[in-house]
Amino acid sequence: MSQKEMRVVPRPPAEAIVLEPEAGKLALEGTDGPDTYRCGACKTRLMDKVGHMEVFHGEPFDAVKCPKCGKYNALPEDDHHHH
Ligand SMILES: [Zn+2]
């Protein structure tokens, strides 16, 4: 299990793919993945029980909008391996 903090980023351009979960919902929920991703600003859980494959090789997205504080979060850079 690991807890990862996402990077707060400026509002993405209109053509970007932004996941906007409803309040209290996760942007992405896996089944038995090892990782939890939290908002870089307010630490709300945005993705839970996800693995590398689901986050980086599943449905593509550019950012996640935190339903609690409204900040846009991108995946942490150090998780980008061998692309
Ligand atoms: Zn937040």
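Please refer to the structure placed before this passage.
About the cut-offs
Numbering of residues starts from 1 in each chain and follows the order in which that chain's sequence is written. For this predicted model, a pLDDT threshold of at least 70 governs which residues receive local features, and a threshold of 80 or more governs which side-chain atom pairs are given and counted, while totals over whole chains, interfaces and linings are taken from all residues. Two strands qualify as a pair provided that DSSP identifies no fewer than 2 bridges between them. Labels follow the DSSP assignment, with helices taken as runs of H or I lasting at least four residues and strands as runs of E lasting at least two, numbered in each case from the N terminus.

Asker: Before we go on, may I ask you to explain the sheet that holds strand β2 (residues 7–9) in this structure?
Answerer: Here we have 4 strands laid out as an open sheet, ordered β2-β8-β7-β3, and mixed in their pairing. At either end of the open sheet lies a strand with only one pairing partner, and these are β2 and β3 (18–19). In the sheet, β2 pairs with strand β8 (residues 72–74) via 3 bridges, with the strands oriented antiparallel. Its bridge partner lying in β8, V9 is registered against Y72.

Asker: How should the sheet that holds strand β1 (residues 2–5) be read in this particular structure?
Answerer: Across a sheet, paired strands are connected by hydrogen bonds in the backbone, their directions being either parallel or antiparallel. Pairing is mixed in the open sheet, where 4 strands are placed in the order β1-β5-β6-β4. Only two strands of the sheet have a single partner each, and these edge strands are β1 and β4 (28–29). Note that strand β5 (residues 35–38) and strand β6 (residues 45–50) share 3 bridges and pair antiparallel. Directly across from R38, in β6, lies its bridge partner R45.

Asker: Even after reading the chapter, I still don't get the pairing of β6, so can you show me in this structure?
Answerer: Two faces make up the sheet, and in a regular strand the side chains alternate between them. Here 2 bridges tie β4 to β6, and the two strands are oriented parallel to one another. Its bridge partner lying in β6, L28 is registered against M47. Counting the residues between successive antiparallel strands, the hairpin from β5 to β6 contains 6 residues, one of them, K43, with a positive phi of roughly 70°.

Note that all results are geometric; they support no functional claim without further evidence.
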